[in-house]
Amino acid sequence: MGERLKGKVAVVTGAGRGIGRGHAILFASEGAKVVVNDLGGAADGSGASKGPADEVVDEIKKAGGEAIASYESVATPEGGENIIKAAIDTFGRLDILVNNAGVLRDRMVFNMTEEEWDTVMKVHLYGTFNCSKPAAVIFRQQRGGRIVNTSSTSGLGNRGQANYAAAKEGITGLTRTLARDLGRYGVTANAIRPAAATRMTVSPEMEAARKKRQETGQPTPAYDITALSPDAIAPLAVFLCTDEAANINGCSFFARIGQISLMTDPAIWRSIHKDGRWTVDELCDIVPRSLAVGLVNPSPPEPPKE
Amino acid sequence: MADRLKGKVAVVTGAGRGLGRCHALALAAEGAKLVINDLGGAVDGSGAAKGPADEVVEEIKKMGGEAVANYDSVTTFQAGENIVKTAVDSFGRIDILVNNAGVLRDRMVFNMSHEEWDTVIKVHLYGHFNTTKNACVVMRQQKSGRIINTSSAAGLGNMGQANYSAAKEGIVGFTRTVAIDMGRYGVTCNAIRPLAGTRMTLTPELFDAWKKRGMSEEQIRGMFPGPEDVSPMVVFLCTDEAANINGRTFDVGGGNIGLYTEPENFRSIFKAGMFTLDEVCNLIPKTLARGLQNPSPPAPPKE
């Protein structure tokens, strides 16, 4: 067993499966005591079950680590408080919070229901705040702590994911401000945009295709998401929680098996200036030949049918 | 009155004051018919009044334009339906949606109540979805439309604004996806990060803080350009000349307009296979994390 996180206590939400399970197991293998939180629901957020969290706790214990299960939903403030409280009540302290719990309710925006929007917002964005706020209170008092949030490349825009993109980029904005509110207390907050094969990203059809390739001896292309192990994200998360990462605060990373990248934040790139107020006439003339040069519509209008 | 937007119907939320009012007047000056939506509440979202929306409707009528008022709060899905319905019922269509309504509930995150978090997310982020979803149904049928969303530089991180930066950056993620979902129907969706002096930015707390550093009231106001300077870019984004601009974010303030980059991979490490924890801990400080500065370094221990 490693010792990088010996004596530390970590909460991982959505730790019953997929990426979260990878986090929980690696954190425990480095000596952290882990609260394995998972509602145990389906990928769309429905249902609940103790099984997933319990299984990961068992796995950790079998490997010689310490863990307890938490079955709360992150979607309510009470749930978040209880998850953090479980760490304090069982292990006496909290050092690390990994916000990973998430669900999907994909729909084109013009068809998206209020419920599809709200569910994804509540689990991802509210869930991250609901756990981060009580953790922040503790971290500030003890003058130390680590928050690792889960954003997504979908936040950069992805068809049929208006709710998910909004929630995940909201998490990016929240992470940047957590970093600024808490940095002076020795706390860092960073976000990871992961690419991994989990039940949330791999549909039954994609999984069937992967199995077929395996049976017929065909390799799965490296860019195919079904080839991307969900265990490949945890090493970055663990590293961000070490003392060596103390200068890394408010950053966004992309991570997949075999790649870790530091990502940029939006920055002003091309700009035009005027001493005074722009007129619409001026903008219609100048913007197309300056700011908008070469901009490609990511979803160009369909040509009219014949 | 000019006529770039003659015959177009525009909805502006939070149009009773500040930026929203300026956008509405600028759109009306180009011939658009306006739905002026404003709950008429305080900066923190409390209260309600018909006055602000009614006054802007009067202003538009006095300049020879057409406008109707709507007093719904954007925080409910029902209201989003109602606001779009007001445009369709009054003027027969909706061509332009400017999502601008917003409130502030600043608090350091360790002190932020659930209500402070929830209010800001509901007005800004849910507010954008509630109107946009309903407008998209109509715009998709029309095979045309323009949606302009209001984000903020605060989305890049700002002390004491965990709720606001989450909502405002969430709006950017939303904008990028609406652009993809709707572009094929001839609709564009873009966002602005504006800088302007309005009752939301020129708060008593802001004045106190800068006065403590010796600035006069006039000097403080001088740091913030007027909201009127933001609207020309909003109007431009609604024109045909802007049809290739879809899913982008702009800095707009004073005489400055800037195009924002999108996040991308900047420094990368690669391996054939899975990185081990040892490799990650060894490599990152020497590569990805070289020279990274903590934006909020720990305070040195007290003596």
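Residues numbered from 1 in each chain as written. Chains lettered and ligands numbered in written order. Predicted model: local features only at pLDDT ≥ 70, side-chain atom pairs only at ≥ 80, totals over all residues.

Participant: Describe the confidence of the model for chain B, with residues and values.
Facilitator: When the pLDDT values of chain B are averaged, the result is 96; 100% of them are 70 or greater. Interface confidence for the predicted complex, expressed as ipTM, amounts to 0.97; the pTM equals 0.97. (pLDDT = per-residue confidence, 0-100.)

Participant: Let's hear about the packing of helix α4 (residues 114–142) of chain A against helix α5 (residues 162–182) of chain A: which residues, and what values?
Facilitator: All names here are of chain A. The interhelical angle for the contact between α4 and α5, taken along N-to-C directions, is 15°, at an axis separation of 9 Å. Looking at the two axes, α4 sits roughly parallel to α5. Regarding α4 and α5, the two cross each other, and that crossing is right-handed. In this structure, α4 contributes E116, W117, V120, M121, H124, L125, T128, F129, S132, A136, F139 and R140 to the contact, and α5 contributes N163, Y164, A167, K168, G170, I171, L174, L178 and L182. (Axes fitted to C-alpha atoms, helices over the stretch in contact; angles between N-to-C directions. Helix = DSSP H or I, 4+ residues; strand = E, 2+ residues; numbered from the N terminus. Parallel < 35°, antiparallel > 145°, perpendicular 65-115°, else oblique. Left-handed = near helix turned anticlockwise from the far one by under 90°. Contact = placed C-beta atoms within 7 Å.)

Participant: Please give an account of the pairing of strand β7 (residues 252–256) of chain A that cites residues and values.
Facilitator: Residues and elements named next belong to chain A. With five of its five residues buried, β7 lies for the most part within the structure. In β7, alternate side chains face the same way, and those of S252, F254 and R256 on one face and F253 and A255 on the other are all buried. Alignment of strand β6 (residues 187–194) against β7, held across four bridges, turns out to be parallel. Residue pairing in the sheet places A191 in a bridge with S252 of β7. In the sheet, β7 pairs with strand β8 (residues 259–263) via four bridges, with the strands oriented antiparallel. Residue pairing in the sheet places F253 in a bridge with L262 of β8. (Buried ≥ 20, exposed ≤ 12 C-beta atoms within 10 Å, placed from the backbone. Pairing = 2+ DSSP bridges.)

Participant: Any chance you could break down unusual backbone geometry for me, citing the residues and the numbers?
Facilitator: In most cases, non-glycine residues show a negative phi, while peptide bonds are predominantly trans. All names here are of chain A. For R143, which is not a glycine, the phi torsion comes out positive at approximately 60°. The topology assignment puts R143 in the loop between α4 and β5 (145–150). When the 13 C-beta atoms within 10 Å are taken as the criterion, R143 is described as partly exposed.

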